[in-house]
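Structural overview
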Amino acid sequence: MSNFTDVWSTLDWDDISLRINSKTSSDVERALSRNKIDRDGFMALISPAALPYLEEMAQRAQQLTRQRFGNTVNFFAPLYLSNLCANECTYCGFSMSNKIKRKTLDEEEIIAECEALNALGFKHLLLVTGEHKGKVGMDYFRRHFPAIRSHFDSLMIEVQPLPQEEYAELKTLGLDGVLVYQETYHAPTYALHHLRGQKQDFFWRLETPDRLGRAGIDKIGLGALFGLSGNWRTDSYMVAEHLLYLQQTYWQSRYSVAFPRLRPCTGGIEPASLLEENQLVQLICAFRMLSPDVELSLSTRESPYFRDHVIPLAINTVSAGSKTQPGGYADDHPELEQFAPHDNRSPQRVAAALTQAGLQPVWKDWDSFLGRTPQENVARQQRDNLSGMRIP
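Everything quoted here is computed from the prediction, not taken from an experiment.

**Topic: the pairing of strand β4 (residues 154–158)**
Most of β4 sits inside the fold, with four of its five residues counted as buried. As defined by bridge partners, strand β3 (residues 124–129) adjoins β4 across five bridges and the pair is classed as parallel. Bridged to L125 within β4 is L155. Handedness of the crossover joining β3 and β4 through helix α7 (residues 138–149): right-handed. Taken together, the two bridges between β4 and strand β5 (residues 177–179) define a ladder with parallel strand orientation. Each residue of the ladder has a partner; that of I157, found in β5, is V178.

So, in structure tokens, the structure goes:
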């Protein structure tokens, strides 16, 4: 069975790096003159030669974003269920050797957090855990998914990579999307930073979006952790290759791309390469021009000033008021957090800033049954009726 590993094996990291860095202003102008950006054009747009064209790129990206998405910006919140982790990763606050207090939310705590998030206005939720399949694996998800899903209109997860059949099962329990970031597509660098645990398996993680596509998951989120490898441009190009492959292979699914940069955390490392703010704007605009229909997301890792000025250009999904420790909305314990968010404003303040910029914050924009077959919807309704719950 073919998968992205077959494509990845044909991509030479050093050659791609050289090709990107050799792009000239003429290459950038050629890319900007075209209605559709191809792979070579994307290389030009993320190259050093494109920085002087940032204003033109931003105008083009903003025009495409308004054409595809209007003025809307979708809001979601991450809910961390557990900071238990069986991996040793150099850059993560949840790494198993870090001497932090560990916590996994129980049913009562989960419901309290869901109600607190609903009170803040959120109807789109991202569930996050450390990677510990023994304590926060399928048994835990089966036990808690139905109650969580009853509080929200859409449900995504960012957890350890799972087999295809488990993703298919979670879809019947209300799962709409999965975020799985490769961290870096440079295998030697990946090995340097993943020292113990299942996450050491580079290819198991790389092939996760293929399993998601075959399981029929509605939305698949991609990204790299910029600053982990020594060349953020080459990692960005690898994300683009992955996106284009998935869009062609699993065209029924929707896709999102995020742009996380390394942030301070317990036991963390210094970035191997710096992605400056103007370069991040360049990268976001290049992705919008490459794939006008893709969802582009910007998290609270970035500063309020940066988010307020960049979201209107090309971003159509944002988190706000995020807590990066288990719970945090009903019961706040920042000493348990995975990393320190930079934008600590309340969701209402973020929404007000975007409204002032002429954008329309959206808290609920699609029916909870969207993306499922009629048979799956009937099965879910029967299950919810039996458990005394009703999906709104």
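**Things to note about the pattern of salt bridges**
The full count for this structure, using the stated rule, is 19 salt bridges. A salt bridge links R68 to D293, with the shortest nitrogen-to-oxygen separation between them at 3.0 Å. Of this pair, R68 sits in helix α5 (residues 54–69) while D293 sits in the loop between α13 (277–290) and β9 (295–298), and the two are 225 residues apart along the sequence. Accessibility expressed as a relative area gives 57% for D293, which makes it exposed. Note that R142 is salt-bridged to D139, the shortest N-O span being 2.9 Å. In this pair, R142 and D139 are both assigned in helix α7, three residues apart and thus about one turn of the helix distant.

**Looking at the packing of aromatic side chains**
For the coordinates displayed, the defined rule picks out 15 aromatic pairs. The interplanar angle of 85° and the centroid separation of 5.1 Å between the aromatic rings of Y190 and F202 together place this pair among those described as edge-to-face. Remark: F202 occurs in helix α10 (residues 202–206) and Y190 occurs in helix α9 (residues 187–193); sequence separation between them is twelve residues. No difference in accessibility class separates Y190 from F202, as the two residues are buried. A connected cluster of aromatic rings, assembled from ring pairs, spans F4, Y185, Y245 and Y250. Here the guanidinium or amino end of R211 rests over the ring plane of W204, the centre of that ring lying 3.5 Å away. Over the aromatic face of F306 sits the side chain of R261, whose NZ or CZ is 6.0 Å from the ring centroid.

**With respect to the environment of W204**
Tracing the sequence through the fold places W204 in helix α10. You can call W204 partly exposed: its relative accessible area is 26%. C-alpha of W204 to C-alpha of T5: the two residues are 199 residues apart in sequence and 9.6 Å apart in space. Ignoring sequence-local partners within four residues, the contact set of W204 consists of P161, L162, P163, Q198 and R211.

**Thoughts on the pairing of strand β7 (residues 219–222)**
The side-chain alternation of β7 yields two buried faces, one formed by K219 and G221 and the other by I220 and L222. Pairing of β5 with β7 involves three bridges; the strand directions are parallel. Paired with L179 across the bridge in β7 is G221. Sheet analysis places β7 next to strand β8 (residues 254–258), joined by four bridges and oriented parallel. Following the sheet pairing, K219 is matched in β8 by R254. The handedness of the β7 to β8 crossover, carried by helix α12 (residues 232–249), is right-handed.

About the thresholds
- Residues numbered from 1 in each chain as written.
- Predicted model: local features only at pLDDT ≥ 70, side-chain atom pairs only at ≥ 80, totals over all residues.
- Heavy atoms only, no water.
- Buried < 20%, exposed > 50% of the residue type's maximum accessible area, 1.4 Å probe, protein only.
- Helix = DSSP H or I, 4+ residues; strand = E, 2+ residues; numbered from the N terminus.
- Pairing = 2+ DSSP bridges.
- Right-handed = clockwise from strand over helix to strand, strands pointing away.
- Salt bridge = Lys/Arg side-chain N within 4 Å of Asp/Glu carboxyl O.
- Phe/Tyr/Trp six-rings, centres within 6.5 Å; stacked < 30°, edge-to-face > 60°.
- Lys NZ or Arg CZ within 6 Å of the ring centre and 35° of its normal.
- Contact = heavy atoms within 4.5 Å.

Interpretation note: all reported values are geometric properties and have no functional meaning in isolation.
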